[in-house]
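# An overview of the molecular structure
So the chains spell out like this:
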Amino acid sequence: MKPILLLFFCAGVLSFDNLKSLANTEPCTDANCKIEDGCRCSSANGPTPISDYPQLIMLTFDEAVREDLVNLQWSELFFDRTNPDGAPISGTFFVPHEFTDYSQVKALWARGFEIGVNSITKNNLAQYWQEANVSTLVAEFLGQREIIAKFAGIPIEDVKGARTPQLLIDGDNTFTAYHQSGILYDSSWPSRSDLMFFPYTLDYLSSQSCLSEASCPVSSFPGIWVLPIIDFIGNSSRECHSLYDCLMQGDTDFLTDWLVNSVENIRSVNKAPITLLIESSWFNFTNNSRDALIQFLDHMATLNDVFFVSQSQAIEYMKNPVKISDFHTTVYNRTNDCIPQTCQLSRDMGTWNQTYYMVSCEADCPQTYPWIYNPEGN
Ligand SMILES: *[C@@H]1O[C@H](CO)[C@@H](O)[C@H](O)[C@H]1NC(C)=O
Ligand SMILES: *[C@@H]1O[C@H](CO)[C@@H](O)[C@H](O)[C@H]1NC(C)=O
Ligand SMILES: *[C@@H]1O[C@H](CO)[C@@H](O)[C@H](O)[C@H]1NC(C)=O
Ligand SMILES: *[C@@H]1O[C@H](CO)[C@@H](O)[C@H](O)[C@H]1NC(C)=O
Ligand SMILES: *[C@@H]1O[C@H](CO)[C@@H](O)[C@H](O)[C@H]1NC(C)=O
Ligand SMILES: *[C@@H]1O[C@H](CO)[C@@H](O)[C@H](O)[C@H]1NC(C)=O
């Protein structure tokens, strides 16, 4: 008995992660994990009967926020749409740094969209993310939170969530880095299409399977939420996580039916919140994708239980699942006071300097292009 007590005692003074990996050996149950304590087990069980509850859908983006994407793609598709309660729809932009125009980030935030982080470098080598240590990941995630706060002028506490590049979760390292970076939820973890998981916390070991290229956390991270990306079934019946990766092709009605049926597969079973990953490559390289998405959104707008919300609002809903009649889209009173200015900045590439034109809401331009380990651009 004594050694065990001693172990618990020591664990209390160790770091958060060491402490909680002990609790993690217990299975998650309704008795030890209560929503009043901010805990939810990973599962496909949600509020019932499903006919009483809303179907939440979250439009999510993880590309650099640039004026051309806002003007050519996002504004016509996603601005000026409303939910059944009459409030504007929302969604979440997980913003990577390179090429981002921070005046556009501020404008999206002011419109009621949520801003989260992707990373500073969005390094395209999978190995970089698979092998990154905690300090590199903190430099990526916290650094990008700080860049967004400073150059878009958004309160840092509003930047709550993260999506890792290429959905490559690096096991405990990623969640330890989230904890150290003040990030409260993850949006990088696909769930198989037949396991329609609701958002949950990582107080206890997740029962979600992990992508083969990624590694999933084994320690406990109390109160940190995971918003599973429920797969769609794409071309050749393959599981897929983003609209583009599904590689579906056909005329507008065919693609619209595929989107509507993919939502219906979840809406008719348990109404787990649905995360849609929307990339410009889908619009650029798949014929009829744009018209199909418009028809899909128009169709969803005729259903009185479907709400397009931010990822943070889906977490709030999980903490207190209310019926359709009591559900209200969160509306913010945010003003866009950005006075955009274009800063010509250079980034040291070792043997040469690359020039960037960064649009910022800060009065003073930084000295160099902000980058990992130097988010202020000093
Ligand atoms: C983390 O990885 C970086 C890059 O590989 C390396 O420079 C650094 O020393 C590592 N830090 C720790 C604490 O291991
Ligand atoms: C699947 O992809 C192939 C090759 O691109 C294409 O010819 C076919 O139409 C696609 N099938 C569906 C159902 O989208
Ligand atoms: C798609 O087109 C938009 C608008 O021209 C462009 O900004 C974006 O970079 C393109 N995306 C890809 C992945 O080619
Ligand atoms: C897309 O549409 C263009 C123009 O109609 C056509 O030439 C092209 O073959 C189509 N691409 C695919 C993959 O269907
Ligand atoms: C919204 O904010 C502005 C200034 O920040 C304030 O003047 C206005 O009263 C607020 N409106 C509401 C409805 O809270
Ligand atoms: C890059 O810029 C830095 C700082 O402005 C300067 O000191 C350095 O000489 C430049 N390097 C090259 C290769 O031009």
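Notes on the structure in this doc start here. (Residues numbered from 1 in each chain as written. Chains lettered and ligands numbered in written order. Predicted model: local features only at pLDDT ≥ 70, side-chain atom pairs only at ≥ 80, totals over all residues. Heavy atoms only, no water.)

### Structural notes on the overall build of the chain
Across its full length, the chain holds 11 helices and 15 strands. In terms of overall dimensions, the chain has a C-alpha envelope of 65 × 50 × 45 Å along the principal axes. For the chain, with 378 residues in total, the buried portion stands at 55%. Once local pairs closer than 6 in sequence are excluded, the contacts in the chain between residues at least 24 apart make up 70%. (Helix = DSSP H or I, 4+ residues; strand = E, 2+ residues; numbered from the N terminus. Buried < 20%, exposed > 50% of the residue type's maximum accessible area, 1.4 Å probe, protein only. Contact = heavy atoms within 4.5 Å.)

### Observations concerning the environment of glutamate 131
Assignment of secondary structure puts glutamate 131 in helix H5 (residues 126–131). Accessibility expressed as a relative area gives 56% for glutamate 131, which makes it exposed. Along the chain, glutamate 131 and leucine 168 lie 37 residues apart, while their C-alpha atoms are 9.9 Å from each other.

### Focus: the pattern of salt bridges
Proximity of charged atoms lets side chains of opposite charge pair with each other. Per the stated rule, a full pass over the model turns up 14 salt bridges. Between arginine 290 and glutamate 76 there is a salt bridge, with the nearest N and O atoms lying 2.4 Å from each other. Note that arginine 290 is positioned in helix H10 (residues 289–300) and glutamate 76 in helix H3 (residues 67–78), a separation of 214 residues in sequence. Connected through salt bridges with shared partners, the residues Glu264, Arg267, Lys271 and Asp305 form a single ionic network. (Salt bridge = Lys/Arg side-chain N within 4 Å of Asp/Glu carboxyl O.)

### Side note on the nonpolar core
By size, the foremost hydrophobic cluster in this structure holds 106 residues, and its most contacted members are Phe78, Ile148, Phe232, Leu293 and Phe296. With residues up to four places along the chain from it excluded, the contact list for phenylalanine 296 reads Thr256, Leu259, Val260, Val263, Leu276 and Phe308. (Core = buried A, V, L, I, M, F, W, Y, C linked by side-chain atoms within 4.5 Å.)

### A closer look at the packing of aromatic side chains
A complete count under the given rule lists 22 aromatic pairs for this structure. When the centroid spacing of 6.3 Å and the interplanar angle of 75° are considered together, the rings of phenylalanine 94 and tyrosine 185 count as edge-to-face. Taken together, the residues phenylalanine 94 in strand E2 (residues 91–95) and tyrosine 185 in strand E5 (residues 185–186) connect sequence positions 91 residues apart. Its relative accessible area of 0% is what places phenylalanine 94 among the buried residues. Residue classification places tyrosine 185 among the buried residues on the basis of a relative accessible area of 1%. Taken together, Phe61, Trp74, Phe78, Phe79, Phe93 and Phe113 form an aromatic cluster joined through their ring pairs. (Phe/Tyr/Trp six-rings, centres within 6.5 Å; stacked < 30°, edge-to-face > 60°.)

### Considerations on helix H6 (residues 134–152)
End to end, H6 covers 26 Å across 19 residues, agreeing with the expected 27 Å (1.5 Å per residue, within 8%). Across the 19 residues of H6, 15 count as buried, placing the element largely inside the fold. Remark: glycine 153 follows H6 within two positions and exhibits a positive phi of approximately 65°. (Expected span 1.5 Å × (residues − 1).)

### A closer look at the site of ligand 3
In the region of ligand 3, the neighbouring residues are Arg66, Asp68, Leu69, Leu72, Gln73, Ser280, Ser281, Asn284 and Phe285. The side chain of arginine 66 places a nitrogen or oxygen atom 2.8 Å from an oxygen atom of ligand 3. Take asparagine 284: an N or O atom from its side chain is 2.4 Å from an oxygen atom of ligand 3. Considering ligand 3 on its own, with 360 Å² of exposed area, one finds that the protein chains cover 62% of that surface. Elements represented by at least two residues in the shell around ligand 3 include exactly H3 and helix H9 (280–285). For the shell around ligand 3, the residue count by class is three nonpolar, four polar and two charged. (Near = heavy atom within 4 Å. Polar contact = N/O pair within 3.5 Å; in protein donor to acceptor, adjacent residues only side chain to side chain. Areas by Shrake-Rupley, 256 points an atom, 1.4 Å probe, with all protein chains shown as cover. Nonpolar A, V, L, I, M, F, W, Y, C, P; charged D, E, K, R; others polar.)

### Some words on the state of the cysteines
Throughout the structure, instances matching the rule amount to six disulfides. Note on cysteine connectivity: cysteine 240 is disulfide-linked to cysteine 246, with sulfurs 2.0 Å apart. In this structure, the disulfide formed by cysteine 240 and cysteine 246 twists by about 95° around the S-S bond and is classed as right-handed. Overall, cysteine 240 belongs to the buried group, its relative accessible area being 4%. Using a relative accessible area of 2% as the deciding quantity, one classes cysteine 246 as buried. Across a sulfur-sulfur distance of 2.1 Å, cysteine 343 and cysteine 365 are joined as a disulfide pair. In this structure the cystine formed by cysteine 343 and cysteine 365 twists about its S-S bond by roughly -85°; its chirality is therefore left-handed. Here the residue cysteine 343 occupies a position in strand E14 (residues 341–348), and cysteine 365 occupies one in the segment after strand E15 (353–360), the gap between them amounting to 22 residues. Assessed through its relative accessible area of 0%, cysteine 343 is described here as buried. With its bonded cysteines labelled in order along the sequence, the chain shows the pairing 1-4, 2-3, 5-6, 7-8, 9-11, 10-12. (Disulfide = S-S within 2.5 Å.)

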